Each structure stands twice: as C-alpha cells, then as structure tokens.
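Geometric and topological summary
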Amino acid sequence: MESRPEWLSPCGLYCGVCAIRIAHQDNNTKLKEKLALLYKGGTPGKGALPNAAELTAGDIHCGGCLSNDLFLHCRQCDIRNCAIRKGYSGCHECEDFPCRFIEEFPMTVGKKVILRAVPYRKAHGTETWVRDEEARYVCPNCGNPVFRGAMRCNRCRTDLNLD
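These remarks concern the structure in this document. Quick caveat, the model's predicted, so the values are computed rather than measured. Along each chain, residue indices are assigned from 1 in the same order as the chain's sequence is written. Local features in this predicted model are restricted to residues of pLDDT 70 or higher, and side-chain atom pairs are both shown and tallied only at a pLDDT of 80 or more, whereas totals for entire chains, interfaces and linings draw on every residue. Side-chain figures throughout are based on the complete set of non-hydrogen atoms in the structure, without hydrogens or water.

When you go through the protein residue by residue, the secondary structure sums to seven helices and zero strands. Only DSSP runs of H or I reaching four residues or more are called helices, and only runs of E reaching two or more are called strands; each is numbered from the N terminus. Helices (α) and strands (β) of the protein occur, in sequence order from the N terminus, as α-α-α-α-α-α-α. Scaling as 2.2 N^0.38, a compact globule of 163 residues should have a C-alpha radius of gyration of about 15 Å, and the protein matches this with 15 Å. Principal-axis analysis of the C-alpha atoms gives the protein an extent of 40 × 35 × 30 Å. Each of the 163 residues in the protein was classed as buried or not, and the buried ones make up 43%. Sequence separation of at least 24 residues holds for 46% of the intrachain contacts in the protein that already meet a minimum separation of 6. Carbon and sulfur atoms make up 50% of the accessible area of the protein, which totals about 8,900 Å². Side-chain charges in the protein split into 23 positive and 19 negative, and the spacing between the mean points of these groups amounts to 4 Å. In this treatment the radius of gyration is a C-alpha quantity, and the globule benchmark scales as 2.2 Å times the residue count to the 0.38 power. When a residue's accessible area, from a 1.4 Å probe over protein chains only, is under 20% of the maximum for its type it is buried; when over 50% it is exposed; and in between it is partly exposed. The contact criterion used is simple: two residues touch if any of their non-hydrogen atoms lie within 4.5 Å. Accessible areas in this description were obtained via Shrake-Rupley with a 1.4 Å probe; residue shielding takes into account the shown protein chains only. His residues and chain termini do not enter the charge count, which takes Lys and Arg as positive and Asp and Glu as negative. A charged residue contributes its charge at one atom only: NZ of Lys, CZ of Arg, CG of Asp or CD of Glu.

Right, let's talk about the packing of aromatic side chains for a bit. To pair, rings of Phe, Tyr and Trp, with the six-membered ring standing in for Trp, must have centres within 6.5 Å; the planes then decide the type, stacked if under 30 degrees apart, edge-to-face if over 60, and tilted in the middle. Inspection of every chain in the model, using the stated rule, returns three aromatic pairs. Ring plane angle 70 degrees and centroid distance 6.5 Å describe the contact between Trp 7 and Tyr 14, whose orientation is recorded as edge-to-face. Looking at Trp 7, the relative accessible area reads 4%, which means it is buried. Between the aromatic rings of Tyr 39 and Phe 71, the centroid separation amounts to 5.8 Å while the plane-to-plane angle is 55 degrees, which identifies the pairing as tilted.

Attention now moves to the layout of surface pockets. Taken as a whole, the second largest pocket holds about 160 Å³ of empty space. Each cavity reported here is a set of points on a 1 Å grid over the protein atoms alone in which a 1.4 Å probe fits but cannot get out, each pocket an open set with protein on both sides within 12 Å along at least five of seven lines, and each lining residue one with an atom within 4 Å of a point. His 73, Gln 76, Asp 78, Glu 104 and Pro 106 are, among the 10 residues lining the second largest pocket, the residues nearest its centre. Grid points are joined across faces, edges and corners, and a volume is the space filled by probe spheres set on the points.

We now examine the nonpolar core. Of all hydrophobic cores here, the largest spans 47 residues; its most connected members are Leu 35, Tyr 39, Phe 71 and Ile 79. The set of elements that each furnish at least two residues to this core consists of helix 1 (19–26), helix 2 (29–39), helix 3 (72–75), helix 4 (78–86), helix 5 (100–103), helix 6 (108–124) and helix 7 (126–136). Element by element, the count of residues in this core is highest for helix 2, at five residues. Beyond its immediate sequence surroundings of up to four residues, Ile 79 is in contact with Cys 11, Cys 91, Phe 101, Ile 102, Phe 105 and Ile 114. We define a nonpolar core as any set of buried Ala, Val, Leu, Ile, Met, Phe, Trp, Tyr and Cys residues linked to one another through side-chain atoms lying within 4.5 Å.

Geometry only, nothing functional implied.
Next up, the structure:
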C-alpha cells in the first residue's frame, strides 16, 4: 500500500485503511451506499455520526484527514481540530490522551482503534504505526487488503475481526 502524509490522521485512525477514503478512491458506489446508511444511523445497533441524518452516497468522499478533501465527520472532528490547534501531528504527542474527545468519539469501532493505535504510534513511531496498520488490515485467509471495520473479506468471504 502507498502511504501519504495526508493519511496520517491525528486520532490514530490511519486513513490508508479507511473505508470512506477507499470507496472514494475506487469510486465504489455500492460501498458508498452502505457507508452512507451506516454513518447516518440506518444500520441497527451501529449508531450515527453527528449531523449525518441526510448523508448520501455522494457525500462519501475523502482524500485523507489532512487533505483538502474531507469527509463530513473529518471536517467536524474535535480530535483533528484539537491536534491542529495545539500544533501536534497527533494525539500520540499529547499528555492529555485519552481526553474527553476520545471518550465521546461517536463510533464504537473507531474509539476502540484509537485507544489501541495512539499508544502504539507513541511507542513505536509513525513509520512503524503506518506499516503495522497496513499489515493488520489484510485478510488472513487470502491476503486481500481490507478496510478498517470490515466484517468479511470481499474476495473470499472469510469472517474478519481485525480491529
């Protein structure tokens, strides 16, 4: 996988394995429709992102958390905005981690990944964090790259629990 500086999200949710960014990059309409439904709260038990009630597949686009093409949630993300305001490249540099912005993060899987990834990035550095996030999100059965939060490999249909 190719890594880019704009994918180095401050919160620890590495954009290189983000479903929103990948769906946009691949122009995958079916995935965009599923993500819009998920993030606006249309999938039972999954919750919703703030201000996402009217989200459509056309809103599923992002070039990475530090790019100029941001997904709705990334534009309004308190974690991202806090890190930028403090002049940090990420939460791994902040003595207040985990803070209330982490505790209040609206997506359960995302919060779980943040709590795992930020200390890992702090302990091992950004280059290792990126390499290991990319290596984590690969189907153990067939080797197909998958996105963070994937429940099943889209190639071999193996059930996944990589987060």
